[in-house]
Every structure is written in C-alpha cells, then in structure tokens.
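Residue strings, one per chain:
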Amino acid sequence: MVTFISVEFLKNKRRKFIFPLILITSLTALWFYMSMMRVTLSTSSSFKIDQNYLLMNLMMVNGVFTPLFLSVLASQISNIEFNNRMWLVLSVNNQSRQQLLNAKIIYGSLLIFIYWIMQVLVAIAVGHLVHITFYGHLFLITMIALGLALVVMFLFQLVLSFFIKRQAIGLIVGIIGSFIALMTSGLLPDFVLRWLPVDYVALSSPLKLVNGMQIIINQNFLFNFMFIFSIGASLFAFAQILARKRGNE
Amino acid sequence: MVNKMIEVVNLTKKFDQKIVLNDISFTVEEGDIYGFLGRNGSGKSTTMKAILKLLNFDSGTINVLDNNDIRNSNAYLNQIGSLIEEPAFYPNLTGYENLKIVQQLSDIPTENIDRVLEIVGLTATANKLTKKYSLGMKQRLGIAIALVKFPKILILDEPTNGLDPEGVREIRELILSLPEKYGITVFISSHILSEIEKMVNKVAILDHGKIKFEGNMQKLEQESTLSIATDNMPATESLLTAKKYNFIKTEKNIIVNDASSEVAIAVNKLLVGSDIGVSDLHLVKHSLEDIFLKITKEA
C-alpha cells in the first residue's frame, strides 16, 4: 500500500487542484474569524461568547465549506484516471481498482487531516483572540466529531467521483450540500440531516441551538456519532465490493 | 521446443446479445511478431483486452506463457506489456515520471527507465512534461510504458496510429528489433496493412468476430492468383472446369484462385497439351491488403 500511496503523490504532482482547496480552507478560517469577531464586537449580541458558541460556530462554518472542499478533492483525485484513461495502464501494472480506491481514500484522508489540523489551530487561535477559555473535553469531542464527519463525507463524495465518470455529479452534490448548510446554518432537525451525508458536519456537532439563542449539548450526539460512523463503515464496505466487482473493466 | 506465449481457444464474448468474438482460436509462439488484423469493430481490441483481463469473456480459454490459464492468477501480467487503443499517461508529469509510476507499481529496477527511454529515443526529452510531447513522442512513450518491464510478451493495439511516415518507420524498426534483441514476443494489431506486412511473421485476420485466416506470412503469400490469356478462351474455360479449378473469367483473361507455382506449371502443361496457344500466364502475388480485402469481402 505504501507504493500505491507514493504513486498517488507522484501522479498529483504539479496539479493545480490544491489551490482551490487552499482557498476554501482559507475562506473557512476567515469566515469563522469574521463571524466570531462580529459577534464579539457587537454590543447587541444575545449570545454568550464562550467555548460552546465558538465550537458551534466552527461547526456551522465547516458545514458550509466542507461539502465543497470534499467534492473538489474527491473529484480531482478521481478524474485524473478518467481523463487520461489510466485505468488500463494501472490495472495491467499490478494495481487493481480496489487497491487504487484504497490508495485514494488514504491520500485524500491525509489532505483532510491537514485541513482538520488547520481547523484545530484556527479554533485555538480565534479562541485566544476573543479570550475564550477551553475547558473539559468538549473541544476534543467536537474536533473528533468533525474529523469523523469529514472522513465519512469524503467517502461519500469519493464513491460518487470514483465510480461515476461524470465528475459534475459529485461536484453538484457538494455544491448542493454547501447551499443547504448555508441556507439552514446546519439547524435542520437531526432526522433530516441523517438523510444528507453531504451535511454530516452539522449532524456530528455535539452542540445545538435551541430557542434561537441557547446553545446546549445535543442529547442525540452519541447516537448521531455512531450513526455517522456506521454510514461511513457501510460506505467503505460498499465501495470495496463495488471496486472488486468492477475488477479491471 | 517452441513455447506458446498466447493460446486463445474458442473465445467468445458478447456485449448484451451481440456476439463480438465468435469462438476464435489462435496461438502466438515465442519470438513471433504476430499481426492481428481486422476492420474497425471486428473484435481486435476486445481480444487484446480479454488477454489482459481488462474485460471478462463468456466462454473459451486464454492460456499465457505455456498453459497458464489467465483465470487462475494475475501474476502473468508482470510478463506482459501493453499499449491498448492510444497511449495513456499523466499529462502533468514528465516522460520519466510517468515511467517511474509503472516502475514503482511493477517493482522493477529503476535502471529500466533509462534503458527504455534510450530504446524509444526519448532520453533527451525525458524531463519534458508529456502534455508538451508531439504525437510521435506520445506514441513512443506509450510503447516505453509497455516496454519498461521488459516483458516476455508485448501487446500493441494500433501502435502507429496518427504517426507521420518517418514515425511509422521508426516504430516499425523498433518493433522488428524486439524479438531478437530483447527476446520479446509481439502481438500487434493495425489497420495499416502495408506496415504490418513489413513487420510480422504470422498473421490472423479477424472479421465480424471470427478468425478468417491464421497462419504464417509465407502461407498467406501463397494465396496468389494465376492470370491466363489464350487464343481459345472457351476451350480453356472448359478444360479448367473439367479439372475443377476455381477460377473467374474477366473481359480479357481467366483468373485462377489459390494458385501456386505448381498450379501454374500444371495449368500450362494442360493447355499446351490440349493444343491451346498460351499468350500470357503469370502468377499474381497479392499484397496483404489484397488478401485482407478478399477475405473480409467474402464474408
């Protein structure tokens, strides 16, 4: 597998898709920072600016940008094979479709890990700027939930992009996910969000807003976390079966 | 003993209900440059893809490297290099980097890259991005990717497609050198029959999913016709009919099919012995193109 991952890095050399990903990551950080500063500086804010608010805000902003980020990532690392008809070359040189899929899952997850680290650092930095003290395990739990949601959403997008030649489909799903998150601020009921893998960041949040101004711990968090994990495991299993079934064709 | 490098037995492949390959059989032996000919859509690429396990087939057997049934393992792919349809590579990488990918996947020595670049004449442009390569350079890179493993079998599907005459000649000379210099058996398809004629020692002609001819070039070249002109054409016709020769009559002469030197001598003796004046009698050796057209038109 090390060889396959090394090959993924080599084949993506000089590709420009990394720039939109950097742009989206920067926009996420900027949007989060601006929204925190706006509320912090506002004299009429009805929110208590504390750890809960920061983490909920972080998840909301991520809910908007990550569907786009992940759809671009999944599409770009898949279309390099479609566009250049590389399936044939790879499969006659010891790389099955399943091995290729797994290499892309790991390669994409490494980029997602960098994105996740950036979110952790930005959250800490913004928290420091607005004088928020982190306490208990909520920060860690939120970040783990964000990480899980990112990986599962990526798997969902990768299944679309890896098995469907028309890359527009995955990208449109990502755009729709971002649009829904933007319009609803991730405040859709959990039972609706469970049907939208592209908006799992909102579902994974351990915090939720009630009565328009009160931020509380989501009582369904553990169930949602396990639900997202199960969907991720099912998507992984489904992708493995599909890749094996398609073989080298 | 000559090894069977590829043995296809009763191979059948259907797409939906359309039969693309209909019970085809042929054998490629060690050291062969084996030409696989057919019109577009005749099933050439499908056969090649079946050998490479790029598609499943409905029935039949494909044995590679002396009776290794390809259904049992993928290990044989390490001994096969291929260029199917058109060269495929990553345009954002250099020629060297593209070969590096195959080298890493196939776990072969790094030195093979420089060696193969030299063979295909791309050493000077190895560090140029492949998206800037000319068509000929792309084709050569495609062959380099197929060759970098220094496989026992090389499968080339239309390797001279889109090349200028000089490029075609270069690729031809390269392919011709492979069996002797590197011990590589070549299985090649092309629609440029004049080119194939200069390269191959054996040939199979595929038409509508069926093998219409398989054999060596000498056998194919024996498929000449005999052109006859005499002073008594009706009597000539009667004699040839009586002796059950397969012939057709044209405006000026009679054409005997499937002729050879022996047939020419026998016909000449027959005519002269019957007191018919022979004004012209000569063997017409057909090019591969003529024979190909004849075989495929008969269908």
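Predicted, not measured: the structure shown is a model, and the values here were computed from it. (Residues numbered from 1 in each chain as written. Chains lettered and ligands numbered in written order. Predicted model: local features only at pLDDT ≥ 70, side-chain atom pairs only at ≥ 80, totals over all residues. Heavy atoms only, no water.)

Along the backbone of chain A there are ten helices and two strands. Each helix and strand of chain A, placed in order from N terminus to C terminus, yields the pattern α-α-α-α-α-α-α-α-α-β-β-α. Since a compact globule built from 249 residues should have a radius of gyration of about 18 Å, the 19 Å found for chain A is in line with a globular shape. When its C-alpha atoms are laid out on the principal axes, chain A stretches across 65 × 35 × 30 Å. Counting all 249 residues of chain A, 53% fall into the buried class. Summed over its atoms, the accessible surface of chain A is roughly 11,500 Å², and 72% of this surface lies on carbon and sulfur atoms. If the 17 positive side-chain charges of chain A are averaged to one point and the 6 negative ones to another, these points end up 8 Å apart. (Helix = DSSP H or I, 4+ residues; strand = E, 2+ residues; numbered from the N terminus. Rg over C-alpha atoms; globule rule 2.2 N^0.38 Å. Buried < 20%, exposed > 50% of the residue type's maximum accessible area, 1.4 Å probe, protein only. Areas by Shrake-Rupley, 256 points an atom, 1.4 Å probe, with all protein chains shown as cover. Lys, Arg positive; Asp, Glu negative; His and termini not counted. Charge placed at Lys NZ, Arg CZ, Asp CG, Glu CD.)

So, on to the overall build of chain B. Along its length, chain B carries ten helices and 14 strands. Overall, the C-alpha framework of chain B stretches about 75 × 40 × 40 Å when taken along its three principal axes. Going through the 299 residues of chain B one by one, you find that 52% of them count as buried. Pairs at least 24 residues apart make up 67% of the contacts formed inside chain B by residues separated by at least 6 positions. Carbon and sulfur atoms provide 46% of the accessible area of chain B, an area that totals close to 13,800 Å². Taken as two groups, the 34 positive and 39 negative side-chain charges of chain B have centres that lie 3 Å from each other. (Contact = heavy atoms within 4.5 Å.)

For the rest of this paragraph, the subject is unusual backbone geometry. Residue and element names in this part refer to chain B. The phi dihedral of Asn-10 falls on the positive side, at around 50°, and the residue is not glycine. Topologically, Asn-10 is positioned in strand β1 (residues 4-15). Asn-10 gets classed as partly exposed once you look at its relative accessible area, which sits at 36%. The backbone phi angle of Asp-107 is positive, close to 55°, even though this residue is not glycine. Here Asp-107 shows up in the loop between α2 (95-106) and α3 (111-120). The exposure class assigned to Asp-107 is exposed, which follows from its relative accessible area of 69%.

By convention, interface size is frequently given as the accessible area that disappears when the constituent parts associate. Residue and element names in this part refer to chain B. Entries for chain B in the domain assignment read domain 1 (4-215) and domain 2 (222-298). Measuring from the centre of the C-alpha atoms in domain 1 to the corresponding centre in domain 2 gives 40 Å. Each side of the interface is counted separately: domain 1 has ten residues, and domain 2 has seven residues. Both sides of the domain 1 and domain 2 interface together cover about 900 Å² of buried area, and 78% of this is carbon and sulfur. Of all residues in domain 1, Leu-193, Glu-197 and Ile-205 bury the most surface against domain 2, accounting for 50% of the area lost on that side. At the boundary of domain 1 with domain 2, the tally comes to zero salt bridges. (Domains from an automatic or database assignment. Buried area = accessible area lost by both parts, 1.4 Å probe. Salt bridge = Lys/Arg side-chain N within 4 Å of Asp/Glu carboxyl O.)

Attention shifts here to the environment of Lys-11 of chain A. Note that Lys-11 of chain A resides in helix α1 (residues 2-11). With residues near it in sequence (within four places) discarded, Lys-11 of chain A still touches Ile-80, Glu-81, Leu-90, Gln-95, Leu-100 and Lys-104 of chain A together with Tyr-90, Asn-92, Leu-93 and Ile-101 of chain B. Separated by 3.3 Å, the side chains of Lys-11 of chain A and Tyr-90 of chain B make a polar contact. (Polar contact = N/O pair within 3.5 Å; in protein donor to acceptor, adjacent residues only side chain to side chain.)

All names here are of chain A. At a minimum axis distance of 8 Å, the contact between helix α5 (residues 97-129) and helix α10 (residues 221-246) shows a crossing angle of 145°. The segment α5 lies against α10, with Arg-97, Gln-98, Leu-101, Asn-102 and Ile-105 engaging Phe-236, Ala-239, Gln-240, Ala-243, Arg-244 and Arg-246. Looking at the contact of α5 with α10 residue by residue, the classes come out as five nonpolar, three polar and three charged. (Axes fitted to C-alpha atoms, helices over the stretch in contact; angles between N-to-C directions. Nonpolar A, V, L, I, M, F, W, Y, C, P; charged D, E, K, R; others polar.)

What follows deals with the environment of Glu-81 of chain A. Here Glu-81 of chain A lies in helix α3 (residues 51-83). Exposure remark for Glu-81 of chain A: the relative accessible area of 0% places this residue in the buried category. Spatially, the C-alpha atom of Glu-81 of chain A lies 9.7 Å from that of Lys-165 of chain A, the residues being 84 residues apart in sequence. Residues within four places of Glu-81 of chain A in sequence aside, it is in contact with Glu-8, Lys-11, Met-86, Trp-87, Leu-90, Leu-100 and Lys-104 of chain A together with Tyr-90 of chain B. A distance of 2.9 Å separates the side chain of Glu-81 of chain A from the side chain of Lys-104 of chain A, its partner in a polar contact.

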